[in-house]
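# Structural characterization, general
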Amino acid sequence: MKLILLGPPGAGKGTQAKMLMERFAIPQISTGDILRAAVANRTEMGIRAKEYMDAGALVPDQVVIGIVRDRLQEADCERGFILDGFPRTVPQADALRRELSLLGRELDAVVSLEVDVDVLVERLTGRRTCGGCGRGFHVRFDPPRVSGVCDACGGALVQRDDDREETIRQRLQVYAAQTAPLVDYYRGQKLLREVDGMAAMNEVQGQILGLLAVK
Ligand code: AP5
Ligand code: MG
Ligand code: ZN
């Protein structure tokens with residue numbers, strides 16, 4: 001299974017990718033998670049990327065294309081992968097197409113998660129992530145049993161630096177300007193599968209599994 005999860009900030013890409021990863025035992029490749037790990041480790045790439053991320057802007061194409069190119073060549077991608085948050089621009093999508101064809105591989109589908117803007121803002125302002133194991137929560141839609149504490153590992157829940165309302169608005173604008181054109185890009189390649197991302201998490205997962213089975 002070789003999938004792209006496409007959708008605006010807060011659409012549920014990470015949430016759905018983690019569920020698919022468990023079900024199919026294939027890796028989630030989240031460029032956002034990889035970049036945040038580089039920021040936390042203060043690598044040279046992380047230090048440069050942080051400025052773009054905190055501003056709600058995209059990290060330059062060459063940087064993320066390099067990350068994904070390396071990652072796709074790792075052994076665990078042989079059975080498939082779920083790309084989460086990549087590609088995000090037409091040049092990134094073109095680079096992915098070239099890279100996959102060099103590897104002799106083809107995408108199965110591009111799943112587009114459709115969610116209204118006001119719901120996106122509420123999802124992002126209420127998102128919390130475990131600093132220990134990375135599990136995601138939402139204060140209203142998926143609350144932990146004990147406020148501020150991870151159900152899975154007991155770690156402390158933190159809010160992402162870019163989940164402040166003004167940065168969220170900026171990220172949504174960047175999505176509309178630079179990433180939304182990929183919907184037509186993949187529709188043109190007959191890879192696009194649209195899903196109602198407003199439904200509950202398990203229902204969205206059900207829709208995705210349904211359309212993959214049909215394929
Ligand atoms: P990235 O980490 O990819 O952030 P994003 O695209 O803005 O998306 P999010 O992670 O915010 O949302 P999501 O769709 O994963 O939603 P989630 O499942 O968490 O990128 C961050 C930054 O890194 C970018 O701004 C950029 O600077 C840089 N970057 C990354 N990739 C790049 C690239 N390719 N090129 C250039 N720069 C790049 O869900 C959100 C919340 O809602 C959670 O709390 C969840 O519990 C809840 N929720 C999820 N689904 C539902 C549901 N169905 N119902 C109710 N609540 C739900
Ligand atoms: Mg995410
Ligand atoms: Zn945890």
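Description of the structure in this document. (Residues numbered from 1 in each chain as written. Chains lettered and ligands numbered in written order. Predicted model: local features only at pLDDT ≥ 70, side-chain atom pairs only at ≥ 80, totals over all residues. Heavy atoms only, no water.)

### Points about the coordination of the zinc ion (ligand 3)
- Every protein donor of the zinc ion (ligand 3) is listed here as Cys 130 (SG), Cys 133 (SG), Cys 150 (SG) and Cys 153 (SG), and their distances to the metal cover 2.3 to 2.4 Å.
- Taken together, the 4 donor atoms coordinating the zinc ion (ligand 3) span angles of 96 to 117 degrees at the metal, a pattern that classifies the geometry as tetrahedral.
- Expressed as a motif, the donor residue spacing for the zinc ion (ligand 3) is C-x2-C-x16-C-x2-C.
- Residue Cys 130 is classed as buried on the basis of its relative accessible area, which comes to 4%.
- With a relative accessible area of 43%, Cys 133 lands in the partly exposed category. (Donors = N, O, S within 2.8 Å, 3.2 Å for Na, K, Ca; no water. Tetrahedral: all angles 85-135°; square planar, octahedral: opposite > 155°, others 65-115°. Buried < 20%, exposed > 50% of the residue type's maximum accessible area, 1.4 Å probe, protein only.)

### Considerations on the site of ligand 1
- Thr 15, Ala 57, Arg 88, Arg 127 and Arg 171 are the nearest of the 34 residues found near ligand 1.
- At 2.8 Å, a backbone N or O of Lys 13 approaches an oxygen atom of ligand 1.
- Phe 137 places a main-chain nitrogen or oxygen 2.8 Å from an oxygen atom of ligand 1.
- When isolated, ligand 1 has an accessible area of 1000 Å², and the protein chains bury 95% of it.
- Secondary structure elements with two or more residues in the shell around ligand 1: α1 (13–24), α2 (31–40), α6 (117–125) and β6 (136–138).
- Take the shell around ligand 1: its biggest share by element is 4 residues, from α2.
- Taken together, the residues of the shell around ligand 1 sort by class into 16 nonpolar, 10 polar and 8 charged. (Near = heavy atom within 4 Å. Polar contact = N/O pair within 3.5 Å; in protein donor to acceptor, adjacent residues only side chain to side chain. Areas by Shrake-Rupley, 256 points an atom, 1.4 Å probe, with all protein chains shown as cover. Helix = DSSP H or I, 4+ residues; strand = E, 2+ residues; numbered from the N terminus. Nonpolar A, V, L, I, M, F, W, Y, C, P; charged D, E, K, R; others polar.)

### Considering the nonpolar core
- Membership of the largest hydrophobic core comes to 29 residues, with the highest contact counts inside it found for Leu 96, Leu 107 and Tyr 186.
- Within the residue set of this core, elements represented by two or more residues are β1 (2–6), α3 (44–54), α4 (61–72), β3 (81–84), α5 (90–102) and α8 (181–188).
- A total of 5 residues in this core trace back to one element, the largest contributor, which is α4.
- In contact with Leu 96, other than residues within four places in its own chain, are Ile 4, Leu 72, Leu 83, Phe 86, Pro 87, Leu 107 and Tyr 186.
- Among the nonpolar cores identified, the runner-up in size contains 24 residues, and Ala 11, Ala 17, Leu 113 and Leu 212 belong to it. (Core = buried A, V, L, I, M, F, W, Y, C linked by side-chain atoms within 4.5 Å. Contact = heavy atoms within 4.5 Å.)

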